[in-house]
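Reading the structure
One letter stands for each residue in the lines below.
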Amino acid sequence: MQASNKPQDPASLGFAAVAGERAPLLLDLWHGCVGRTVRCVPNRRTVVVTESTGTWFAKWRRGAARNAAAEWNWLHVLPMLGLASQKPVAWLARGRDSLLVTEGLPGRAFDAWWADAHRAGHGEVVERHAALVVAPAVRRLHEAGLVYRDLYWNHVFCLDPAALGAPAFLDAERVFQPRWRRWRWWVKDLAGLAATAPDGVGLRARLRFLREYLGDRPSAHRRLVAAIATKAARIRRHVPRYG
């Protein structure tokens, strides 16, 4: 009897899965049959797949299935807070290994927009977008009791800064809800943005961002400035383990 060529459902192969109609693609990604690697570090690899129906990013992890489950959760929670992120497509897990698939996002990372704008002499367009749109989005995240822990400008996507469109936040696996010392985590998020802004971003733009973030809490301004500056300096001195 001939074997069927019909793709098998991941659940029938012993996977914990949320697959839907993407089962064939998931299995091909799991076995490394498709995709172009865009980032690879020990125990984690990210690949991109382009199909006629769209672009998909797959994050393959070895020994960190809990991280995939956490990211899957936050990718559903963030939109409930009015914060855009990558659209979750599916995930597979077997033992401690996992694969998380999301849709590609339109636009570019905010740091790329910012660097190009400063070279072209109109950085104020991106600075305005950062202050008026991104800062209130970060405030909304923090007011919901959450912190990002990986909040850098290359994790903030934007379609067109001049249009003041809503930003999208990438790589949500480290989001969490601290029970105490929230101030410390707020500072870390804000310092991550301060440390990764291009050199051309001046003090006035940085302070404007902070004012918009604080909203009706201006009394915390001076204390935050000092704490963010100290933490941002530490972040800039840090050498990434894998580049």
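Interpretation of the predicted coordinates at a detailed level should be avoided for regions scoring low in pLDDT. Per-residue confidence for the protein averages 86 on the pLDDT scale, and 87% of its residues sit at or above 70. Looking over the protein, one finds the lowest element-wise mean pLDDT in strand β1 (residues 16–18), namely 62, and the highest in strand β10 (residues 168–169), namely 95.

This next bit is on empty space enclosed by the protein. Summed over all chains, the structure comprises 1 cavity of 30 Å³ or more. Computed from the structure, the largest cavity encloses a volume of approximately 50 Å³. For the largest cavity, the full set of lining residues is Leu29, Gly32, Val34, Arg45, Val47, Ala58, Trp60 and Leu99. When grouped by side-chain class, the residues that make up the lining of the largest cavity number 6 nonpolar, 1 polar and 1 charged.

Our next topic: helix α4 (residues 123–143). Residues separated by three or four positions in an α-helix point in the same direction, a consequence of the helix having 3.6 residues per turn. In a regular helix each residue adds 1.5 Å, so 21 residues correspond to 30 Å; α4 covers 29 Å between its end C-alpha atoms and thus fits that length. Downstream of α4 by a residue or two, glycine 145 has a phi angle that is positive, lying close to 85°.

Grouped together as the largest cluster of nonpolar side chains are 43 residues, with contacts concentrated most on Phe110 and Trp153. Those elements that provide at least two residues to this core are α2 (65–80), β6 (88–94), α3 (110–120), α4, β9 (156–158), α5 (182–196), α6 (203–214) and α7 (221–237). Element by element, the count of residues in this core is highest for α4, at 7 residues. Those residues in contact with phenylalanine 110 that sit more than four places away from it in its chain are Val126, His129, Ala130, Val134, Trp153, Val156 and Cys158. Of all hydrophobic cores here, the second largest spans 14 residues; its members include Val47, Trp60, Leu99 and Val101.

Calculation rules
- Residues numbered from 1 in each chain as written.
- Predicted model: local features only at pLDDT ≥ 70, side-chain atom pairs only at ≥ 80, totals over all residues.
- Heavy atoms only, no water.
- pLDDT = per-residue confidence, 0-100.
- Helix = DSSP H or I, 4+ residues; strand = E, 2+ residues; numbered from the N terminus.
- 1 Å grid on protein atoms, 1.4 Å probe; cavity = no way out; pocket = protein on both sides within 12 Å on 5 of 7 lines; lining within 4 Å.
- Points joined across faces, edges and corners; volume = space filled by probe spheres on them.
- Nonpolar A, V, L, I, M, F, W, Y, C, P; charged D, E, K, R; others polar.
- Expected span 1.5 Å × (residues − 1).
- Core = buried A, V, L, I, M, F, W, Y, C linked by side-chain atoms within 4.5 Å.
- Buried < 20%, exposed > 50% of the residue type's maximum accessible area, 1.4 Å probe, protein only.
- Contact = heavy atoms within 4.5 Å.

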